[in-house]
Amino acid sequence: MPESWHPVAPADSFEDDAAKVVQIGETRIAVFRLENDFFAVSDVCTHEYALLSEGFCENGKIECPLHQACFDIRTGKALDEPAEVDLPTYPTRIENGVVQLQFDAG
Amino acid sequence: MRTVIVGAGQAGRRTAELLRGLDAEREILLIGEEAEPPYDRPPLSKEILLGEKQPPGLMQRAAGAYAEQRIELLLGCRVTGIDLAARRLDADDGERVPFDTLVLATGARARRLRIPGAEDPRVLTLRSMADARALGARLRPGLRLAVAGAGLIGLEVAASATKLGCLVTVLEAADRVMARCVPEATSALLDGWHREAGVALHLSCPLLSITPGEASLRLSTGLGDIEADLLLVAIGAVPNDELARQAGLPVEDGILVDESGRTSHAQVFAAGEVARIWRPALGQHVRYETWQVAQHQPVAVAHALCGAERPYDEIPWHWTNQYGRNIQLLGAHRAGLEWIARAEGDRQTVIGLDGDARVQGAVLIDNGRDATPLRRLIASGKQMERARLRDGSVALRQLC
Ligand SMILES: Cc1cc2nc3c(=O)[nH]c(=O)nc-3n(C[C@H](O)[C@H](O)[C@H](O)COP(=O)(O)OP(=O)(O)OC[C@H]3O[C@@H](n4cnc5c(N)ncnc54)[C@H](O)[C@@H]3O)c2cc1C
Ligand code: FES
């Protein structure tokens, strides 16, 4: 059974409206703090190809830097066009002050 | 109720789909001259030339999606006339198509050069998928490609062709690249990228005539002769507004419409790049040649078709990708603005202020995250402090 929890960063190192990015194999995941909860979503826009961690983030939404589609960080939901497909989301937890996310490769 | 949309491009597709979302009942017929179902054009000068068959930005829908949405799609069919009194279209196959409401989403075509030699088959333009395939099939290492026009499409083709190993020369009549839509500093930056990549960029150098030879084309320019194997003419677009003109609708380099996309005839609308849209804040009609207008102005049209007003009121925005860099252009780029640069490493934002220090436009280089705060700053009309704008450590949202 491969270890599926991956460390992201110390919980107290997160800034508002800025993602921490982890790469696991081919997958890039962006992790955000919203109030005192942590949310992990795919870092790659579902429209074309762009890194959402390079986009504008506000009020629990992340906006794609290319064509400005918005996604809900809590649910991964695509909120407006041109994106129509939701972002994959990943569970998070805090262990010894460090945010971890759950991801099973393969 | 039957709505017919002429032009199965981006704006035609968007109008049809948005309309279906608002009205489950009505008949919707989308008629297009091209063989392909609707596609978005930005990849034509980028990924398609580089050999990608299905880049994600091209086809927004699977072929079956139209039937699923009960949008009737008639492809390979050119509409040749509109009879407004009889509410009927004529098509090139002799078909007569009745409508209750009509949307003209006929886009634009590439402007042709009117100089001797321009009819040679080695002189190409780029507007459609068929054009992109024809051009792409001829690009190969060592090919001498000349590009007339250093606008968005000319420069994107130059960048793509250089990447494929072509020897590219760009001829531009103005004294800088993309002079119509970016400030001087951005022209200089783009200029540098192209020269560094090996593009021979000739400014203030109009193409005067083409002498087709057996082996190559001889191009006479303001600065002497150039030999090329292929010439791409990228000198702008001309709106396909003839149908409207022949039907007696007001046309001025584009079909004149109000903020809801309505022409002077209450049952006829125009959507996308063919429309010249009334902008109350500017006190004039403006035509936009952007993905943005084709994507979002149909929202106004679809609502108006259903009797609801959703005026089109967007800050103009478009982008270009060259050499792996993304440049976004927001707002106005008229002369006389003062341009202030903010840089964070390779990311750069250049902000255009008017005489009252209000933000009017911006150029974002690999910095799309600044678009939303800048849109807010432009919309607010707030007077800015130059020192704070320049300071890259002050987030733009804090200035909103
Ligand atoms: C090569 C290229 C690259 C571009 N890159 C960018 C970019 O990077 N960023 C950006 O913001 N914008 C870009 N644009 C601009 C953007 O793609 C256009 O503004 C957009 O396509 C306009 O959409 P439209 O639906 O109004 O027109 P179109 O996409 O032109 O669609 C109109 C359709 O109507 C059809 N038609 C016309 N007349 C008739 C008739 N009589 N009967 C039946 N059908 C008819 C045409 O064949 C066409 O299919 C680019 C454009 C091109 C050509
Ligand atoms: S790539 Fe994200 S909106 Fe287009």
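Per chain, residue numbering runs from 1 following the sequence as it is written. As a convention, the first chain written is A and the first ligand written is 1, with the rest following in written order. Whole-chain, interface and lining totals are the exception, using all residues; otherwise, since this is a predicted model, local features are given only for residues with pLDDT of at least 70 and side-chain atom pairs are given and counted only at 80 or more. Working from all heavy atoms in the structure, the side-chain values ignore hydrogens and water.

> How do you make sense of the site of ligand 1 when you look at a structure like this?
All names here are of chain B. Contacts to ligand 1 come from 35 residues, most closely from Glu 34, Arg 41, Lys 46, Arg 127 and Glu 273. Taking Val 79, its main chain carries an N or O atom lying 2.9 Å from a nitrogen atom of ligand 1. Computed by Shrake-Rupley with a 1.4 Å probe, the accessible areas treat only the displayed protein chains as cover when residues are assessed. In the complex, 96% of the free accessible area of ligand 1, which totals 1000 Å², lies under the protein chains. Here a helix means four or more residues in a row that DSSP labels H or I, a strand means two or more in a row labelled E, and each is numbered from the N terminus. At the level of elements, α1 (10–22), α4 (152–163), α7 (291–305) and β22 (317–322) are the ones that each hand at least two residues to the shell around ligand 1. Take the shell around ligand 1: its biggest share by element is three residues, from α4. Tallied by class, the residues present in the shell around ligand 1 amount to 15 nonpolar, eleven polar and nine charged. Note that the domain bounds reflect an automated or database-derived domain assignment. Mapping the shell around ligand 1 onto the domain boundaries places at least three of its residues in each of domain 1 (2–109 + 238–305) and domain 2 (123–233). Only heavy atoms are used to decide nearness, and a residue is near a molecule or strand if one of them lies within 4 Å of it. Polar contact criterion, stated in full: a pair of N or O atoms within 3.5 Å, where within protein one must be able to donate a hydrogen and the other to accept it, and residues adjacent in sequence count only if both atoms are side-chain atoms. Polarity classes work like this: nonpolar for Ala, Val, Leu, Ile, Met, Phe, Trp, Tyr, Cys and Pro, charged for Asp, Glu, Lys and Arg, and polar for all others, with Gly in that last group.

> What am I meant to see in the interface of chain A and chain B here?
Bring the parts together and some accessible area is lost; that lost area is often taken as the interface size. For this analysis, residues touch if any pair of their heavy atoms sits within 4.5 Å. Contact residues are listed per partner, giving 17 residues for chain A and 21 residues for chain B. Buried area counts how much accessible surface, traced with a 1.4 Å probe, disappears from two parts once they are put together, with both parts' losses summed. Taken together, both faces of the contact between chain A and chain B bury some 1600 Å²; the carbon and sulfur share is 40%. On the chain A side of the interface with chain B, the three residues burying the most area are Phe 56, Gln 68 and Glu 81 of chain A, jointly 32% of the side's total. When a carboxyl oxygen of Asp or Glu is within 4 Å of a side-chain nitrogen of Lys or Arg, the pair counts as a salt bridge. At the junction of chain A with chain B, the criterion picks out four salt bridges. Between Arg 61 of chain B and Glu 84 of chain A there is a salt bridge, with the nearest N and O atoms lying 2.8 Å from each other.

> Explain the sheet that holds strand β9 (residues 92–95) of chain A here, please?
Residue and element names in this part refer to chain A. The three strands lie next to each other as β1-β10-β9, forming an open sheet whose pairing is antiparallel. Each of the sheet's edge strands pairs with one partner strand only, and the pair in question is β1 (5–10) and β9. Averaged over all pairs of adjacent strands, the angle between their axes in this sheet comes to 35°, without regard to strand direction. Here five bridges tie β1 to strand β10 (residues 98–102), and the two strands are oriented antiparallel to one another. The residue of β10 that forms the bridge with Pro 7 is Gln 100. One requirement defines pairing of two strands: DSSP has to find at least two bridges between them. Only the contacting stretch of a helix is used when fitting its axis, a line to C-alpha atoms as for every element, and angles between N-to-C directions run 0 to 180 degrees.

> Looking at this structure, how should I read the sheet that holds strand β5 (residues 88–91) of chain B?
Two pairing modes exist for strands in a sheet, parallel and antiparallel, and in both the strands are linked by backbone hydrogen bonds. Residue and element names in this part refer to chain B. Strands sit in the order β4-β5-β6 across an open sheet of three strands; the sheet is antiparallel. Where the open sheet ends on each side, the last strands, each with one partner, are β4 (79–83) and β6 (96–98). Between one strand and the next, the sheet's axes are offset by a mean angle of 25°, whatever the strand orientation.

> What am I meant to see in unusual backbone geometry here?
With glycine set apart, most residues show a phi of negative sign, and most peptide bonds adopt trans. Glu 81 of chain A connects to Pro 82 of chain A through a cis peptide bond whose omega is 5°. Its identity is not glycine, yet Arg 70 of chain B carries a phi of approximately 55°, on the positive side. Summary of the burial criterion: residues with accessible area below 20% of their type's maximum are buried, those above 50% are exposed, and those between are partly exposed, where the area comes from a 1.4 Å probe applied to protein chains only. Residue classification places Arg 70 of chain B among the partly exposed residues on the basis of a relative accessible area of 47%.

> How should I be thinking about the pattern of salt bridges in this particular structure?
Side chains that differ in sign of charge can pair as their charged atoms come close. For the structure on display, the rule yields 34 salt bridges over all chains. Two residues, Arg 96 of chain B and Asp 90 of chain B, come together in a salt bridge whose shortest N-O distance is 3.4 Å. Among the charged side chains, a network of salt bridges with common partners joins Glu 84 of chain A together with Arg 13, Glu 17, Asp 40 and Arg 61 of chain B.

> How do you make sense of the domain arrangement of chain B when you look at a structure like this?
Residue and element names in this part refer to chain B. Assigned domains within chain B: domain 1 (2–109 + 238–305), domain 2 (123–233) and domain 3 (324–399). Distance from the C-alpha centre of domain 1 to the C-alpha centre of domain 2: 30 Å. Contacts between domain 1 and domain 2 engage 17 residues on the former and 15 residues on the latter. Summed over both partners, the interface of domain 1 with domain 2 comes to about 1400 Å²; 62% of that surface belongs to carbon and sulfur atoms. If you sort the residues of domain 1 by the area they bury against domain 2, Ser 45, Leu 49 and Leu 50 come out on top, with a joint share of 42%.

> Help me understand α7 of chain B, please; the structure alone is not making it clear to me.
All names here are of chain B. A helix is expected to span 1.5 Å for every residue after the first. Counted at 1.5 Å a residue, the expected span for α7 with its 15 residues is 21 Å, and the 22 Å between its end C-alpha atoms agrees. At Gln 297, α7 is deflected by roughly 25°, the largest bend along its length, and proline Pro 298 occurs up to four residues later in sequence. Most of α7 sits out of view: 14 of its 15 residues are buried. Looking one or two residues beyond α7, the residue adopting positive phi is Gly 307, at roughly 85°. The angle separating two fitted axes, one through the seven residues that finish at a residue and one through the seven that start at it, defines the bend at that residue.

> Whenever I open this one, the layout of surface pockets confuses me. Can you help?
Empty space left among the atoms is revealed by rolling a probe the size of a water molecule over them. All names here are of chain B. One number sums up the size of the second largest pocket: a volume of about 820 Å³. Both site types are read off a 1 Å grid over the protein atoms alone. A 1.4 Å probe that fits but cannot get out defines a cavity, while an open set with protein on both sides within 12 Å along at least five of seven lines defines a pocket; lining residues have an atom within 4 Å of a point. Considering the residues around the second largest pocket, the lining is formed by 33 residues, among which Glu 47, Asn 321, Gly 324, Arg 325 and Asn 326 are closest to the centre. For the lining of the second largest pocket, the secondary-structure elements that each account for two or more residues are α4, β22 and β23 (325–331). When residues of the lining of the second largest pocket are assigned to their parent elements, the largest contribution, four residues, is made by α4. Considering only residue class, the lining of the second largest pocket consists of twelve nonpolar, eleven polar and ten charged. Grid points are joined across faces, edges and corners, and a volume is the space filled by probe spheres set on the points.

> Please clarify how empty space enclosed by the protein should be interpreted in this entry.
Residue and element names in this part refer to chain B. A complete count under the given rule lists two cavities of 30 Å³ or more for this structure. The calculated volume of the largest cavity comes to roughly 60 Å³. Lining the largest cavity, in full, are Arg 112, Leu 113, Ala 118, Glu 119, Val 123, Leu 124, Thr 125 and Val 233. Residues belonging to the lining of the largest cavity are distributed by class as follows: five nonpolar, one polar and two charged. The calculated volume of the second largest cavity comes to roughly 40 Å³. Residue lining of the second largest cavity: Arg 342, Ala 343, Glu 344, Arg 347, Thr 349, Asn 367, Asp 370 and Gly 392, and that is the complete set.

> Hey, could you run me through the side chain of Ser 42 of chain A in this one?
Residues and elements named next belong to chain A. Tracing the backbone shows Ser 42 in strand β4 (residues 37–42). Here the side chain of Ser 42 touches Val 44 through a polar contact of 3.1 Å, landing on its backbone nitrogen. With sequence-adjacent residues up to four places away left out, Ser 42 is seen in contact with Arg 28, Ala 30, Leu 52, Leu 87, Pro 88 and Tyr 90.

> When you look at the pairing of strand β14 (residues 217–221) of chain B in this model, what are you seeing that I'm missing?
All names here are of chain B. Burial runs high along β14: four of the five residues are buried. Both strand β13 (residues 207–212) and β14 contribute to a ladder of five bridges, which runs antiparallel. When the bridges of β14 are listed, Thr 211 appears paired with Arg 218. In this structure, the hairpin formed by β13 and β14 is closed by a connection of four residues. Two strands pair when backbone bridges link them, and β14 and strand β15 (residues 224–228) are joined in this way by five bridges, in the antiparallel orientation.

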